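Here are the chains, one letter per residue:
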Amino acid sequence: MSNDFDEARVGASLDALVAELPSWGFSNTGTRFRVFPQPGTPRDTWEKLDDAATVHRYTGAAPLISLHIPWDTVDDWGALRAGAEERGLHIGAINSNTFQDEDYRLGSLAHPDGAVRAKAMRHMEECCAIASATGAHALKVWLGDGTNYPGQDDFRARKRRLQDALRAVHDRLPGGVRLLIEYKPYEPALYHTDIQDWGMALLLARHAGEHARVVVDLGHHAHGVNIEQIVAILLDEGMLGAFDLNDRKYGDDDLMLGSINPYQLFLIFNELAAAAAAGDTAGTCARAVAYMVDQAHNIEPKIPAMIRTVMTLQEHWAKALLVDRAALCAAQRSGDIVGANTALKDAYDTDVRPLIARWRAARGLPEDPLRAYLDSGEAEARAVARREGVPAGWS
Ligand code: LRH
Ligand code: MN
């Protein structure tokens, strides 16, 4: 399957593929049952930058870090931006947080009380100012808003509150910053969630304005939902803005990318690769998609998990690029079902690791970044260096 031409083409595409790491992926996280602290966990936003820079240093493919407000709040955003750039990083998306404050029990931008909605809007304005100060490419809004019981609130009234609020947020965006709207079917709300699926996120993005797009978090779908089909639809509409990459077995588990269902990841990237080759709306949209990681490393070591994640991202991206599109299209046109599926499976079953190892070596990177990090002794040194103080967490 792979030849010199493919090698150069895949190599060029890997050069353009950048992962955006979540600051919170380096913090202590857990479930409602327990947060297991880990040695060497960062104690502030600067040390989260250090850890993201370490992943980028070993992989050469993770130059962006997402921030979450207020988890990552600092006194001087300009200094943080400079600190990131000194470490070879750029600030990616700014994530709002209207799901932890006392006042948001009944929601935030969809809350029945105008005073609470105004408070949430002020938080969005603060996030816009932070996006401007840090050179972020987007404001990402995920709302936990919803209800726990039938009758608790009016679906249509909440929908209209959200439409007005997200348009107002859109109109406050700094220049060059996109509004990324993330959907999720449930949790923390247990009866209905206001932005529960891609259709609602698309509708709200359309209402909000031209700089609004939809975020597809791989863990935010009911079982059996065809995510690659959703991706194809959003691409065709020019409305796919970004992914929150992770994996899951049951709920919104935020496990390592490709650790449970790697074939689904390949099928999703196949839609991106197919669209990216096209010169239409879908193509333009595909080339502007942000590959953000959204994981919580509750029991596994965080930096190795992130390095593994970036490697998995590169491997499944490369496999998607190796699909023989001419053969696939011919089979689709002629109704050759087995032939069409085989065109995908052949690419998926291709071991691209030697190709990517050569790509790394040619760029002075370790052929196996994970092995190189584990053998470096950095983890042990970090655990000692960060013995004192309070490790960062989700609160
Ligand atoms: C919500 C979510 C969202 C983030 C949070 C850390 O489940 O996916 O993207 O704000 O995780
Ligand atoms: Mn997410």
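In what follows, the accompanying structure is described. Keep in mind that this is a model prediction, so the values were computed, not measured.

1. Overview of helix 2 (residues 45–59)
Okay, step 1: When the terminal C-alpha atoms of helix 2 are compared, their 21 Å separation across 15 residues agrees well with the 21 Å that a helix rising 1.5 Å per residue should span.
Okay, step 2: Within helix 2, 12 of the 15 residues are buried, leaving the element largely enclosed by the surrounding structure.
Okay, step 3: Looking at helix 2, one finds that the buried residues are Thr-45, Glu-47, Lys-48, Leu-49, Asp-51, Ala-52, Ala-53, Thr-54, Val-55, His-56, Tyr-58 and Thr-59.
Okay, step 4: Backbone nitrogen of Trp-46 and a side-chain oxygen of the N-cap are separated by 3.0 Å at the start of helix 2; the cap is Asp-44.
Okay, step 5: Immediately downstream of helix 2, the backbone of Gly-60 shows phi near 70°, a positive value.

2. A closer look at the nonpolar core
One recurring pattern in soluble globular proteins: nonpolar side chains tend to sit buried together.
Okay, step 1: In this structure, Ile-195, Leu-240, Phe-243, Leu-272 and Tyr-291 are the most contacted members of the largest nonpolar core, which totals 109 residues.
Okay, step 2: Considering each element in turn, this core owes the most residues, 10 residues, to helix 10 (residues 302–321).
Okay, step 3: Residue contacts for Ile-195: discarding those within four places in its chain leaves Leu-143, Leu-162, Leu-166, Ile-181, Glu-182, Tyr-183, Lys-184, Met-200, Ala-201 and Leu-204.
Okay, step 4: Listed in part, the 7 residues of the second largest apolar core include Ala-138, Leu-180, Ala-242 and Ala-290.

3. Structural notes on the packing of helix 10 against helix 13 (residues 353–361)
Okay, step 1: Interaxial distance between helix 10 and helix 13 falls to 10 Å at its minimum, and their mutual angle equals 115°. Both helix 10 and helix 13 take part in a crossing whose hand is right-handed. Here Met-311, Gln-314, Glu-315 and Ala-318 of helix 10 come into contact with helix 13, specifically with Arg-353, Ile-356, Trp-359 and Arg-360.
Okay, step 2: Of the residues belonging to the contact of helix 10 with helix 13, the class tally is 4 nonpolar, 1 polar and 3 charged.

Cut-offs used in this document
- Residues numbered from 1 in each chain as written.
- Chains lettered and ligands numbered in written order.
- Predicted model: local features only at pLDDT ≥ 70, side-chain atom pairs only at ≥ 80, totals over all residues.
- Heavy atoms only, no water.
- Helix = DSSP H or I, 4+ residues; strand = E, 2+ residues; numbered from the N terminus.
- Expected span 1.5 Å × (residues − 1).
- Buried < 20%, exposed > 50% of the residue type's maximum accessible area, 1.4 Å probe, protein only.
- Polar contact = N/O pair within 3.5 Å; in protein donor to acceptor, adjacent residues only side chain to side chain.
- Core = buried A, V, L, I, M, F, W, Y, C linked by side-chain atoms within 4.5 Å.
- Contact = heavy atoms within 4.5 Å.
- Axes fitted to C-alpha atoms, helices over the stretch in contact; angles between N-to-C directions.
- Left-handed = near helix turned anticlockwise from the far one by under 90°.
- Nonpolar A, V, L, I, M, F, W, Y, C, P; charged D, E, K, R; others polar.

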